[in-house]
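# Overview (structure and organization)
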Amino acid sequence: MEKQSLFAGLPDILDEQRFAHGGNVRRMAEQAGCLPEELLDFSVNVNPLGPPPWLGQVVGQALRDVDAYPDPDSYDLVMAASERYKVWPTQVVAGNGASELLFALAGLGGYRQAVIPSPTYVDYARACKAHRLPVVEPPLTDDLKIDFPAMGPLLTTPSLVFLCSPNNPTGATFSAADLREVASMFPRCRFVVDESFAEFLPEDADRLIRNRPSNVVTVLSLTKFYAIPGLRLGLAFGDPDVMLRLKQALPAWSVNTLAQRVGARCLRDGRYAARTREQTALLRENLAAGLRQVPGLKVMPGAANYLLCRVERVGMDAVPLYERLLVEHRIAIRLCGNYAGLDNAWFRVAVRDADANERLIKALETISGVGRAPVVRRTRRTPALMLQGTSSNAGKSVLAAAFCRIFLQDGYNVAPFKAQNMSLNSYVTDQGGEMGRAQVTQAMACRMKPDVRMNPVLLKPGSDVGSQVIVMGRPVGNMSVTEYVRYKPRAWEAVKAAYDSLANEHDIMVLEGAGSPAEVNLKHHDIVNMAMARYADARVLLAGDIDRGGVFASMVGTMNLLTPAERDLVEGFVINRFRGDPSLLEPAFGQMFEHTGRPVLGTVPYIHSLGLPEEDSVSFKEGFRPEADKLPEDQCVDVVVIDLPRISNFNDIDPLFAEPDVRVRVVENARDIGTPDAVIIPGSKSTVPDMKALRGAGVAAAIRELANDGHKTRVVGICGGFQMLGEQVDDPYGLESESTRVDGFGLLPVQTTLAPEKTLTRTWGVHAKSGHRVNGYEIHHGQTRPLSDRLRVAIRDMEGQPLGFTRADGRVWGTYLHGLFDADEFRRWFIDQLRMDKGLAPLERVQVRFDLEDALDHLAGVVREAVCMEKVYKALGFSGCCTQASLFFKIGG
């Protein structure tokens, strides 16, 4: 009862303490009933790495001069700031913390009001009210961004404007270029930009310390980034006349000797700064990923060393959460109900070290009533077969699908699994999770619904050095290679939990590796090849693509690079994609056995017209697709698919390849486009960079020319391609570009705004003109809205909402719906429209049913005939029990 009384009036206290701060460890420890040192404090935002290692030495040296007054001009500190930020010393003033500088700036006078976009740091309003300056607090946008256009009417009155970037508590930044433009438009206003947390941004971030208009003052706190809040140290940057007035408004000897010496050393320590930026970004992404797994919790994207969260369970707020964390777990968070524009559902947590962050996540999971999902561990050994390869694109995915179907045909309950997949070709499950398409095909081979546990980690490359990381179907952040390597231990835990959960439910597991198990530069942090084979206790088949050449050398070389323990997991080899008489290879098999001690268990022939989705975009970009028998060329329509640099979900086009009267050309260069009957711009992982690439290569101009009234070409955009067709793509969060607005191709009067939250959903709809039902899934960042009432809805979803828009003449249209061409009736209608445009008669009846069942059965039959299944079953521990079933399918049962 005593502890409860400490919290009894907490909501009222929050309302009364309008300007309360976090970090009052003594008071929070009293509420928790523990000593201050026993409290894990997430309420205050300082560098999670702690102070620089040299701090004690510099403080000790400074103490020798404690009997003298501090330098009133902070000369060495100011010079260090001038060197660090490339400004004149007369443009810098040091203060006893950023708060002292903010209060002094509020008192310089000359303005009729203060404008403070909120929610933001509470001391701005407190400083203005202390100087009797009226405060206006315009709200941020719904996504917690500054709305500069909406502030315009307020700024016609001479105003002192306080802005924070990254904002506290939201963590959001604003465009420095936008602020420069606004400041130049309103020269009678002074803009105070608080960059106290901007040191956590990338080194090359556009900031307002050096390149700023004369009516902008930038304030910087050194205590946050360098973890020295007890010393109190801040800097202000502005024009010399403003800085002189500011300095005169401060007390004499404002900055003590210890703070001056430490501050100067901090500003000259580039190595500590670089390490802090790298480590904090990784810790932030890991913390955000863990918090997003807690049910009922929304985590806002942030750029600093803290995260803003919201409790989204109906009828609940963050106050009970605060109480339970404090009392039961001795963890303090920052309630945000005292920020203007936020209520008690919001709270903020600092980014701390990995162990502390993990403790917070586990505590929140405990309070939410759930543990990490899935948490079940294997209760038995499940027989497991793993397909690994000597290289990427060796056919592992297809072979895994084949074995899935073979085991299913033989009466086993089988499931596929790939620990980590790197692909832009993804799929959305019925539960709204994202996974790789290869495992979806394998699930279909097992006649199972796709489940994110089958592919717990999906990497979607956004550049040559970074990817979006998706864990258990949900995006956890964008990471560089280095950041992801550090994140892998957490990903590995998700992988093991997902595998154990699936393995408990099935008779046999079929695993797929990635790349090659012999990539020695990656083996020490492997989670997808031999490390996964060891964990699953799987028997490994090593596959090689003989069609590429050098298969025997690559197999022997791979085995030589494996450790003895890894070689023990290999059961044998599978030669894949062989053209010709397999008996020609038999002399090599003996030498293979002599070098490796492992037999070749089968030679799989090259399968023409396989009819299964490609694993990745390699074959797509090479323009290769096994096509069905075609009608004469003059009876076919010509469809051009634009090859985007970061193309994703290219399987949207697969059904068109199978049509007898469609010739699909994958085109990269503008000169190769010609005058096709249709141009399709597919999905993209990075819409803005791909859009710029198409414009630079002349492809955008060629498409615009074809879309003119003089041509019959129809232009279709899917997802990212749909966004490109519009007038503008806004990127306020800088997800894909430093530009906040990029012009589109101008073929549809729509505008797209990119957002951090990702739409992941399966859906169906009706194509407005044809009346045919289409189904598939949405997977995109942002929303697209029409700019003209002359625009028509192309597809409506099941609730009547637009899934895409079309020009009035129907010749240019776009949609967010992936998989719409899978619908046989709609696909035939679309092709017939192209036929009539070309002067050909419509075929009307569906020519091809897009169904993978027959293709999977055919694949299984070919592989069953080529591979010694008796030895495979024996390796799995089913000695002799499956021969009869295998024989049944071999003779066509």
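By convention here, each chain's residues receive numbers from 1 onward along its written sequence. With pLDDT at 70 or above as the cut-off, local features in this predicted model cover only qualifying residues; side-chain atom pairs require 80 or more to be listed or tallied, and sums for whole chains, interfaces and linings still use all residues. For the side-chain quantities, the full set of heavy atoms in the structure was used; hydrogens and water were omitted.

Okay, the overall build of the chain next. Looking only at helices and strands, the chain has 31 helices and 38 strands in total. On C-alpha atoms alone, the chain measures out to a radius of gyration of 31 Å, which is about the 29 Å that the 2.2 N^0.38 rule sets for 893 residues. Contact definition: two residues touch when any of their heavy atoms are within 4.5 Å. Put simply, of all contacts in the chain between residues at least 6 apart along the chain, 74% involve residues at least 24 apart. Note that accessible areas follow from Shrake-Rupley with a 1.4 Å probe, and for residues the cover is restricted to the protein chains shown. Roughly 36,200 Å² of accessible area belongs to the chain as shown, and the carbon and sulfur atoms make up 51% of that amount. Within this scheme the basic residues Lys and Arg register as positive and the acidic residues Asp and Glu register as negative, but His and the chain ends are omitted. For the purpose of locating charges, the reference atoms are NZ of Lys, CZ of Arg, CG of Asp and CD of Glu. Looking at the chain, you have 100 positive and 108 negative side-chain charges, and the mean spots of the two groups are 2 Å apart. Put simply, DSSP H or I for four residues or longer makes a helix, DSSP E for two residues or longer makes a strand, and each gets a number counted from the N terminus. In this setup the radius of gyration rests on C-alpha atoms only. A globule is expected at 2.2 Å times the number of residues raised to 0.38.

A separate point is a nonpolar patch on the surface. Patch membership requires more than 30% relative accessible area and the absence of a salt bridge. Residues of like charge join within 9 Å; the nonpolar side chains Val, Leu, Ile, Met, Phe, Trp and Tyr join within 5 Å. In what follows, salt bridge is the name for a side-chain nitrogen of Lys or Arg lying within 4 Å of a carboxyl oxygen of Asp or Glu. A contiguous nonpolar patch, built from W764, V766 and M798 and spanning about 240 Å² of accessible area, is present on the exposed surface. Mapped onto the fold, V766 is located in strand β34 (residues 750-767). Judged by its relative accessible area of 34%, V766 falls in the partly exposed class. When accessible area is computed with a 1.4 Å probe and restricted to protein chains, residues below 20% of their type maximum are described as buried, those above 50% as exposed, and intermediate ones as partly exposed.

Counting buried residues in strand β24 (residues 570-578) gives seven out of nine residues, a clear majority hidden from the surface. Inspection of the sheet shows strand β23 (residues 539-545) paired to β24 by six bridges, in the parallel sense. Within the sheet, the bridge partner assigned to V540 lies in β24 and is V570. The pairing criterion is simple: DSSP has to find at least two bridges between the two strands. With four bridges joining them, β24 and strand β25 (residues 600-605) adopt parallel strand pairing. Counterpart to F578 in the pairing with β25 is P605. Crossover handedness is defined here as right-handed if the route from the first strand over the helix to the second strand goes clockwise, with the strands pointing away from the viewer. Of the crossover connections in this fold, the one passing from β24 over helix α22 (residues 586-596) to the parallel β25 is right-handed.

Between the N-to-C directions of two axes lies an angle of 0 to 180 degrees, each axis being a line fitted to C-alpha atoms and, for a helix, fitted only over the stretch in contact. Remark: helix α4 (residues 55-63) packs on helix α12 (residues 257-267), axes separated minimally by 9 Å, with the N-to-C direction vectors making an angle of 140 degrees. Classed by the angle they form, the pair α4 and α12 counts as oblique. Where α4 crosses over α12, the two elements pack in a sense that is right-handed. In this structure, α4 uses L55, V58, V59, Q61, A62 and L63 to contact α12, whose residues at the interface are T257, L258, R261, V262 and R265. Three residue categories are used. Nonpolar comprises Ala, Val, Leu, Ile, Met, Phe, Trp, Tyr, Cys and Pro, charged comprises Asp, Glu, Lys and Arg, and polar comprises the others, including Gly. Classifying every residue of the contact of α4 with α12 by side-chain character gives seven nonpolar, two polar and two charged. Should an angle fall under 35 degrees it is called roughly parallel, over 145 degrees roughly antiparallel, and 65 to 115 degrees roughly perpendicular, with every other angle called oblique. Handedness of each helix crossing follows the sense of rotation of the near helix against the far helix: counterclockwise by less than a right angle gives left-handed, clockwise gives right-handed.

Adjacent strands of a sheet pair through backbone hydrogen bonds, lying either parallel or antiparallel. If you walk across this open sheet you meet the seven strands as β2-β8-β7-β6-β5-β3-β4, and the pairing is mixed. Looking along the sheet, the strands with just one partner apiece sit at the ends: β2 (92-95) and β4 (135-136). Summarising the sheet, strand β7 (residues 216-221) and strand β8 (residues 234-237) pair through four bridges and their orientation is antiparallel. When the bridges of β8 are listed, V219 appears paired with A236. Docked against the sheet, helix α11 (residues 240-249) engages β2, β6 (190-194), β7 and β8, running at close to 20 degrees with respect to β2.

Let us now look at the pattern of salt bridges. Using the criterion set out here, one finds 53 salt bridges in the structure. Residues E571 and R539 are paired through a salt bridge, measuring 2.8 Å at the closest nitrogen-oxygen approach. Linking E571 in strand β24 with R539 in strand β23, this pair joins segments that are 32 residues apart in sequence. A relative accessible area of 25% means that E571 is categorised as partly exposed. Judged by relative accessible area, which is 18%, R539 ranks as buried. Of the charged contacts, one joins R807 and D809 as a salt bridge, the two residues approaching to 3.0 Å between their closest N and O atoms. Using a relative accessible area of 35% as the deciding quantity, one classes D809 as partly exposed. One network of salt bridges, in which partners are shared, links E659, D661, D824, E825, R827, R828, D832, R835 and R849.

Let us look at the packing of aromatic side chains. Within 6.5 Å between ring centres, the rings of Phe, Tyr and Trp (the latter by its six-membered ring) count as paired, and their orientation is classed by plane angle as stacked under 30 degrees, edge-to-face over 60, tilted in between. For the structure shown, the criterion picks out 25 aromatic pairs. Plain terms: the ring middles of F200 and F225 are 5.0 Å apart, the flat faces sit at 65 degrees to each other, and that makes the pair edge-to-face. Taken as a pair, F200 in the loop between β6 and β7 and F225 in helix α10 (residues 222-225) lie far apart in primary sequence, 25 residues in all. Taken as a pair, F200 and F225 share a single burial class, namely buried. With 6.5 Å between their ring centres and 85 degrees between their planes, F225 and Y272 make a pair best called edge-to-face. Here F225 is found in helix α10, whereas its partner Y272 is found in helix α13 (residues 270-292), with 47 residues between them in sequence. No difference in accessibility class separates F225 from Y272, as the two residues are buried. Ring-pair connections join several aromatic residues into one group, and the members of that group are F403, F407, Y412, Y873 and F878. Whether a charge sits over a ring depends on NZ of Lys or CZ of Arg being within 6 Å of the ring centre and within 35 degrees of the ring normal. The aromatic ring of Y306 is capped on one face by R348, whose charged end is 5.9 Å from the ring centroid. In this arrangement the basic side chain of R773 is found over the ring face of W764, its NZ or CZ atom lying 4.1 Å from the centre.

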